[in-house]
Amino acid sequence: MKPLTGIVITLNEQANIADCVRSLRRVCDEVIIVDSLSTDDTVAIAEGEGATVISQAYLGDGPQKAHGVPFAKHDWILALDADERLDDDAVALIESLALDDPRTAYSFRRKNYVARHWIRAAGFYPDPVVRLYNRTTSGYLPKKAHSSVQAPRVEATSAHLRHFTYEDMSHWIRRIDTLSSRDAWAMKERGKRPSRLSPILHATNAMLRKLVFKGGLFQGMDGMTVAMTTAFHAYMKYAKLNELYELERDA
């Protein structure tokens, strides 16, 4: 086992957290959970799996993912989302790495699933994400939505993460509702101003990007599904941003 600290942020992830901690335990000798005050059994399950839990009200994506890093006993950090798992090739790769260059971070190819269906269309694969990095040189950007690891150098690997994104189509829609609300909050926090045109423009751009530039138009139902849901997400987050300002004004 490598001198690695696994870090996961959670909010009501009781259905996912046990498998996530077990996945990290395949290569990490320490797992830290930064929990955003879950009201389900996430904390108890994580502690039962041997993880250390740090409670922290949600700070935004990047700040929340960075919050657990100073508590780690190792400089090398393996960060997963609660619904991600290391594939066997990722475990083999990590075990083979010397981890002797702190300036190099490593990205993995992500397989995104709806239930048991792996969606590869319209940019859903290979969906590279940086997950392994050294905290002395690298870390998550302080963005409150959709943050990513900034590193001096990223080595793109062909190893995989399994991302159990959605339980089914209905869950996909519910997640868009949740995430678009979080995105709207994050945009308002950073001073993004409302606009009646923004929902339309961003949804149209998202649709064109997925259908045309990502090839979804030629990838059957999966391509169309990704394009439609991406456009819907874009529309809703900007519509909800407008709504937040309207509620503030009317308060």
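Structure shown above.
In what follows, the accompanying structure is described. (Residues numbered from 1 in each chain as written. Predicted model: local features only at pLDDT ≥ 70, side-chain atom pairs only at ≥ 80, totals over all residues. Heavy atoms only, no water.)

As for the pairing of strand S6 (residues 104-114)
Both faces of the sheet carry side chains from a regular strand, because those side chains alternate between them. The line we're drawing: For each residue, the accessible area found with a 1.4 Å probe, counting protein chains only, is set against the maximum for its type, and the residue is called buried under 20%, exposed over 50%, and partly exposed in between. In DSSP terms, a helix is any run of H or I states spanning at least four residues, a strand is any run of E spanning at least two, and both are numbered starting from the N terminus. At least two DSSP bridges between two strands are required for those strands to pair.
Counted residue by residue, S6 has 10 buried out of 11 residues, so it is predominantly covered. Where S6 meets strand S11 (residues 153-166), nine bridges bridge the pair, whose relative direction is parallel. By the bridge assignment, Arg-109 is partnered in S11 with His-160. Sheet topology places S6 next to strand S8 (residues 129-134); three bridges connect them, and they run antiparallel. Within the sheet, the bridge partner assigned to Ser-107 lies in S8 and is Val-130. For S6 and strand S7 (residues 117-119), the ladder comprises three bridges, and the chain directions are antiparallel. Considered in S7, the bridge of Tyr-113 is made with Trp-118. The hairpin turn running from S6 into S7, its antiparallel successor, is two residues long, and Ala-115 in that turn takes a positive phi close to 55°.

Considerations on a nonpolar patch on the surface
Short version of the rule: Patch definition: residues with relative accessible area over 30% and no salt bridge; like charges joined within 9 Å; nonpolar side chains (Val, Leu, Ile, Met, Phe, Trp, Tyr) joined within 5 Å. Throughout, the Shrake-Rupley method with a 1.4 Å probe supplies accessible areas, and for residues the shown protein chains are the sole cover considered. Only one rule defines a salt bridge in this text: a Lys or Arg side-chain nitrogen within 4 Å of an Asp or Glu carboxyl oxygen.
Nonpolar side chains collect at one region of the surface, where Leu-197, Ile-200, Leu-201 and Tyr-235 lie side by side and expose about 410 Å² of accessible area between them. In this structure, Leu-201 sits in helix H6 (residues 198-213). For Leu-201, a relative accessible area of 54% corresponds to the exposed category.

Observations concerning helix H1 (residues 17-25)
Our working definition: Contacts between residues were defined by any pair of non-hydrogen atoms, one from each residue, lying within 4.5 Å.
Along H1, the positions that sit buried rather than exposed are Ile-17, Ala-18, Cys-20, Val-21, Ser-23 and Leu-24. On its buried face, H1 is in contact with strand S1 (2-10), strand S2 (28-35), helix H2 (42-48), strand S4 (76-79) and strand S5 (84-86).

Here we look at the packing of H6 against helix H7 (residues 220-250)
Applied cut-off: With axes taken as lines fitted to C-alpha atoms, and helix axes fitted only over the stretch in contact, angles between N-to-C directions fall between 0 and 180 degrees. For classification purposes, an angle smaller than 35 degrees is called roughly parallel, one larger than 145 roughly antiparallel, one from 65 to 115 roughly perpendicular, and anything else oblique. For a crossing to be left-handed, the near helix must be turned anticlockwise from the far one by less than a right angle; the clockwise case is right-handed. Classification used: nonpolar for Ala, Val, Leu, Ile, Met, Phe, Trp, Tyr, Cys and Pro, charged for Asp, Glu, Lys and Arg, polar for all others including Gly.
Their axes nearest at 8 Å, the elements H6 and H7 cross at an angle of 160°. With respect to each other, H6 and H7 are oriented roughly antiparallel. The two elements H6 and H7 cross, and the hand of that crossing is right-handed. Taking contact as the criterion, the partners of Ser-198, Pro-199, Ile-200, His-202, Ala-203, Ala-206, Met-207, Arg-209, Lys-210 and Leu-211 in H6 are, on H7, Gly-223, Met-224, Val-226, Ala-227, Met-228, Thr-230, Ala-231, Ala-234, Tyr-235, Tyr-238, Ala-239 and Asn-242. Residues belonging to the contact of H6 with H7 are distributed by class as follows: 15 nonpolar, five polar and two charged.

Remarks on unusual backbone geometry
For the peptide bond that leads from Tyr-125 to Pro-126, omega is 10°, which places it in the cis range. With a phi close to 55°, Asn-12 is a non-glycine residue in the positive phi region. Asn-12 sits in the partly exposed class, given a relative accessible area of 37%. Even without being glycine, Leu-99 reaches a positive phi, approximately 50°. Here Leu-99 is to be found in the loop between helix H4 (88-96) and S6.

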